[in-house]
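One-letter residues, chain by chain:
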Amino acid sequence: MNTQKLWDAPPAPAHRPHSSPTALVGGPPLITAQGLGKAYGPTQALAGVDLAVRAGESVAIMGPSGSGKTTLLHVLAGMVLPDRGQVRIAASEHTPQVELSATSEAQRTRLRREAFGFVFQEGLLLPELSAEDNVAIAAMMKGMPRAGAAALARDWLGRLGLAEHAAKRIGQLSGGQAQRVAIARAQITEPGIVFADEPTGALDSTTSAEVLALLLRTTAGRGRTLILVTHDEQVAAACSRTVRLSDGRIVSDTAHGTTAHPAPQAGFAPAGAQTGFPPAGAPAAQASAWQGGAR
């Protein structure tokens, strides 16, 4: 494979993706999707989606069931490849420069493990493990020694108000506590982008608000990017943008200009988890070294 072609900057798009003009204020897009199409049999899940998301944004994707919102999330995260179109990730401190369709499955797996974080409706935590182990395993999969991963997991759990619950198994936690564990697991590797699929869908309104606030503070509040799927208008209103889909197409893209995510308290982000990605503008040899290490 031509590594320089894979990691070097892609050519500028011929047209601006379908996104709110305010979405690009403050820097170039971190994620650029163009002409995304995806079909499942006769069903067209995505039908020409263009989207640009910049670093630090929190974007809510909404739409009726079958509109394509979950498929869009999966394509942006490299979990599913589109039938047509492309998704480009720009180089940053926490992400490599890459066009997802040009990568191997091994490279996309590493990208999801090290540059992306995930929070799902039911958490998808391992019930036989403690809260601490559920969080630590994400850092261990990135190569961190067990002792260091465990210490970092305890740090994250403590900062999310779960210090006294670290040794408990998931079944011993409330729904809101379990989602905090999921947030800690998503953040322990210091990802540049967090993808969340109905992260508050199984919670009551009070717990939902608490979990959403923590999710926003640990992502957009720290300059990271959050892309989430939701049916909840209040969840969407708390984000900086709402993108609405219908029949696989974006029908509206609204920036919430007054939305501000509270900055986390000093020292909120634990030290110790570092990325292995080349910084923006890194020499091609350095970028190729990251690709060569895909496993």
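Anyway, here's the lowdown on the structure attached to this text. (Residues numbered from 1 in each chain as written. Predicted model: local features only at pLDDT ≥ 70, side-chain atom pairs only at ≥ 80, totals over all residues. Heavy atoms only, no water.)

## Here's the deal with the pattern of salt bridges
Part 1 of the reasoning: Evaluated as defined, the whole model comprises 14 salt bridges.
Part 2 of the reasoning: For glutamate 114, the salt bridge goes to arginine 110, with nearest N and O atoms at 3.1 Å. Taken together, the residues glutamate 114 and arginine 110, both in helix α3 (residues 105–114) and 4 residues apart, mark about one turn of the helix. Both residues of the pair, glutamate 114 and arginine 110, count as buried.
Part 3 of the reasoning: Where aspartate 253 meets arginine 241, a salt bridge forms, and the shortest distance between an N and an O atom there is 2.6 Å. One end of the pair, aspartate 253, is in strand β10 (residues 249–255); the other, arginine 241, is in strand β9 (residues 241–246), and 12 residues separate them in sequence. (Salt bridge = Lys/Arg side-chain N within 4 Å of Asp/Glu carboxyl O. Helix = DSSP H or I, 4+ residues; strand = E, 2+ residues; numbered from the N terminus. Buried < 20%, exposed > 50% of the residue type's maximum accessible area, 1.4 Å probe, protein only.)

## With respect to the packing of helix α6 (residues 175–187) against helix α7 (residues 205–218)
For any two helices packed against each other, one specifies the inter-axial angle together with the distance between the axes.
Part 1 of the reasoning: Two elements in contact, α6 and α7, have axes whose closest approach is 10 Å; the angle formed by their N-to-C orientations is 10 degrees. As the angle between them shows, α6 and α7 are arranged roughly parallel. Together, Gly176, Gln179, Arg180, Ile183 and Gln187 of α6 and Thr207, Glu210, Val211, Leu214, Leu215 and Thr218 of α7 make up the contact between the two elements.
Part 2 of the reasoning: A breakdown of the residues in the contact of α6 with α7 according to their chemical character gives 4 nonpolar, 5 polar and 2 charged. (Axes fitted to C-alpha atoms, helices over the stretch in contact; angles between N-to-C directions. Parallel < 35°, antiparallel > 145°, perpendicular 65-115°, else oblique. Contact = heavy atoms within 4.5 Å. Nonpolar A, V, L, I, M, F, W, Y, C, P; charged D, E, K, R; others polar.)

## Considering α3
Part 1 of the reasoning: Burial within α3 is extensive, with 7 of its 10 residues counted as buried.
Part 2 of the reasoning: Regarding α3, the residues found buried are Gln107, Arg108, Arg110, Leu111, Arg112, Arg113 and Glu114.

## With respect to the pairing of strand β3 (residues 58–62)
Part 1 of the reasoning: Where burial is concerned, most of β3 is hidden: 5 out of the 5 residues are buried.
Part 2 of the reasoning: Side chains of β3 alternate between two faces, with Ser58, Ala60 and Met62 and Val59 and Ile61 buried alike.
Part 3 of the reasoning: Direction of pairing for β3 relative to strand β8 (residues 225–229): parallel, over a ladder of 4 bridges. Looking across to β8, one finds that valine 59 is bridged to isoleucine 227. (Pairing = 2+ DSSP bridges.)

## A few points about the nonpolar core
Part 1 of the reasoning: Counting residues in each nonpolar core, the largest one holds 40 residues, and the members touching the most others are Val119, Leu157, Val181, Ile188 and Leu228.
Part 2 of the reasoning: At the level of elements, β3, α4 (131–141), α5 (146–159), α6, β7 (193–197), α7, β8 and α8 (233–238) are the ones that each hand at least two residues to this core.
Part 3 of the reasoning: Ranked by residues supplied to this core, first place goes to α6 with 6 residues.
Part 4 of the reasoning: With residues up to four places along the chain from it excluded, the contact list for valine 181 reads Leu125, Ala131, Asn134, Val135, Leu157, Leu162, Ile170 and Leu173.
Part 5 of the reasoning: With 32 residues, the next largest nonpolar core counts Leu36, Phe116, Phe118 and Ile193 among its residues. (Core = buried A, V, L, I, M, F, W, Y, C linked by side-chain atoms within 4.5 Å.)

## A closer look at the environment of valine 243
Part 1 of the reasoning: Tracing the backbone shows valine 243 in strand β9.
Part 2 of the reasoning: Once residues within four sequence positions are removed from consideration, valine 243 is found in contact with Leu51, Val59, Ala60, Ile61, Met62, Ile250, Ser252 and Asp253.

## Looking at the sheet that holds β10
Part 1 of the reasoning: Sheet architecture is open: 6 strands sit in the order β6-β7-β8-β3-β9-β10, paired in mixed fashion. Every other strand in the sheet has two partners, leaving β6 (116–120) and β10 as the edge strands with one partner each. Each adjacent strand pair in this sheet contributes to an overall mean axis angle of 15 degrees, direction not counted.
Part 2 of the reasoning: Both β3 and β9 contribute to a ladder of 4 bridges, which runs parallel. When the bridges of β9 are listed, alanine 60 appears paired with threonine 242.
Part 3 of the reasoning: α6 contacts β6 and β7 of the sheet and is inclined by roughly 170 degrees relative to β6.
Part 4 of the reasoning: Strands β3, β6, β7 and β8 of the sheet are contacted by α7, whose axis makes an angle of about 145 degrees with β8.

## Focus: the sheet that holds strand β5 (residues 98–99)
Part 1 of the reasoning: With antiparallel pairing, 4 strands are arranged side by side in an open sheet as β2-β1-β4-β5. Edge positions in the open sheet fall to β2 (43–54) and β5, since each of these has one partner strand only.
Part 2 of the reasoning: Where strand β4 (residues 84–89) and β5 come together, 2 bridges link them in antiparallel fashion. Following the sheet pairing, arginine 88 is matched in β5 by glutamate 99.

## So, the packing of α4 against α5
Part 1 of the reasoning: It is the contact of α4 with α5, at a shortest axis distance of 8 Å, that shows an interaxial angle of 125 degrees. Relative to α5, α4 is oriented oblique. Between α4 and α5 lies a crossing of right-handed hand. Packed against α4, whose contacting residues are Ala131, Glu132, Asp133, Val135, Ala136, Ala139 and Met140, the element α5 presents Arg146, Ala149, Ala150, Ala153, Arg154 and Leu157 at the interface. (Left-handed = near helix turned anticlockwise from the far one by under 90°.)

Nothing here speaks to function; it is all geometry.
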